[in-house]
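# Fold and geometry: a report
These are the residues of each chain, in order.
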Amino acid sequence: MQSENEDRRLVAAFLQTRSETAFLAIYRRHTRNLYSLALRLLDGRTADAQDVIQETWLWAMSSIHAFAWQSSLRTWLCGFVVNCAREAIRRQTPTLEAPHESTSAPQPSRDAAIDVRRAIALLPEGYRTVIVLHDVQGFAHTEIAEMLGIEAGTSKSQLFNARRAMRSLMQGGSFEHSRR
């Protein structure tokens, strides 16, 4: 609660005077977590994650006056990261949009286990987003639903399917096999 009160105070100071000091305090409080989320959504591509963070802050601060505090500031900011990361993924080559369907993307061997990071990267965008937000970042399904503009039940379903796909990949199967 104290953290939310501090966010409210800083946002109010920023809105009142466009204070650089208030903005920097907000930025320092949240950027590390936002960057971590962006890195995971973008399969560790640091340059893309840095671009997403910059774009996130531009969009968020231009919209901050409309933030209604129906969620935490962190949740609201993470919604911007998710949307900016989706745009970054769409701008990438087809290999990065759907690595499990590309002939140039490395495919996991049935005999060898692949690491979790690689398995997450092989998931379709919707599965990857929900599993990162829930299992890695610790958001509740209601928060994920708000960020993504979906129902909480859809978030739960995506997470279930993502975990099933991850199990299959980690056991040396292919994603196609896990879709059955």
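Rules used throughout
Residue numbering note: each chain is counted from 1, following its sequence as written. In keeping with the model being predicted, local features are shown solely for residues with a pLDDT of at least 70 and side-chain atom pairs are shown and tallied solely at 80 or more, while totals for entire chains, interfaces and linings include all residues. Processing note: side-chain calculations cover all non-hydrogen atoms of the structure and skip hydrogens and water entirely. Stacked, tilted and edge-to-face are the three classes applied to pairs of Phe, Tyr and Trp rings, where Trp contributes its six-membered ring and a pair requires centres within 6.5 Å; stacked means planes under 30 degrees apart, edge-to-face means over 60, and tilted covers the rest. Helix and strand definitions follow DSSP, with helices as H or I runs of at least four residues and strands as E runs of at least two, each counted in order from the N terminus. Residue exposure (1.4 Å probe, protein chains only): buried if accessible area is under 20% of the type maximum, exposed if over 50%, otherwise partly exposed. Any N or O atom pair separated by 3.5 Å or less is treated as a polar contact, with the protein-specific requirement of one donor-capable and one acceptor-capable atom, and with residues adjacent in sequence counted only for side-chain atom pairs. Orientation is described by lines fitted to C-alpha atoms, with helices fitted over the stretch in contact, and by angles between N-to-C directions that extend from 0 to 180 degrees. Throughout, the term roughly parallel applies to angles under 35 degrees, roughly antiparallel to angles over 145, roughly perpendicular to angles from 65 to 115, and oblique to all others. Left-handed is the label given to a crossing in which the near helix is rotated counterclockwise from the far helix by less than a right angle, and right-handed is the label when the rotation is clockwise. When checking whether two residues touch, look at their non-hydrogen atoms; a contact exists if any pair is within 4.5 Å. Throughout this entry, Asp, Glu, Lys and Arg are counted as charged residues, while Ala, Val, Leu, Ile, Met, Phe, Trp, Tyr, Cys and Pro are counted as nonpolar. The remaining residues, Gly among them, count as polar. Values of pLDDT, ranging from 0 to 100, describe the predictor's confidence in every residue of the model.

Attention now moves to the packing of aromatic side chains. Ring pairs (aromatic) are described by centroid distance and by the angle formed between their planes. Going through the model one piece at a time under the given rule, you end up with seven aromatic pairs. Pairing F23 with W57 gives two aromatic rings, centres 5.7 Å apart and planes at 85 degrees, and the pair type is edge-to-face. In this pair, F23 is assigned in helix α2 (residues 20-41) and W57 in helix α3 (residues 46-63), connecting sequence segments 34 residues apart. For F23, a relative accessible area of 22% puts it in the partly exposed group. On the basis of relative accessibility, which here comes to 5%, the residue W57 falls in the buried class. Each ring, one from F67 and one from W69, has its centre 4.5 Å from the other, and the planes form 55 degrees; the classification is tilted. Neither residue differs from the other here; F67 and W69 are each classed as buried. Grouping aromatic residues by their ring pairs yields a cluster made of F14, F23, Y27 and W57.

Turning our attention to unusual backbone geometry. A positive phi angle is found at R18, which is not glycine, with a value near 55 degrees. For R18, the location among the structural elements is in the loop between α1 (2-17) and α2. The class of R18 is partly exposed, set by a relative accessible area of 47%. The phi dihedral of W69 is positive, around 60 degrees, even though this residue is not glycine. With respect to the secondary-structure elements, W69 resides in the loop between α3 and α4 (73-91). The buried category is assigned to W69, whose relative accessible area is 19%.

This brings us to the side chain of N161. Relative to the helices and strands, N161 is located in helix α9 (residues 152-170). Under the relative-accessibility criterion, N161 is labelled buried at 16%. Within the structure, N161 has its side chain in polar contact with the side chain of R164 (distance 3.1 Å).

It is at 10 Å that the axes of helix α7 (residues 125-136) and helix α8 (residues 141-148) come closest, and there the two elements cross at 135 degrees. As summarised for this structure, α7 and α8 are arranged oblique, according to the angle between their axes. Crossing of α7 over α8 shows right-handed handedness. Seen from α7, the contacting residues are T129, V130, L133 and H134; seen from α8, they are H141, I144, M147 and L148. For the contact of α7 with α8, the class distribution of residues is five nonpolar, three polar and no charged.

Here the focus is the confidence of the model for the protein. Averaged over every residue, the pLDDT of the protein is 83; the share at 70 or more is 83%. Overall, residues 95-114 carries pLDDT values under 50, and its contacts beyond four positions in sequence, including any with other chains, amount to 35 contacts.

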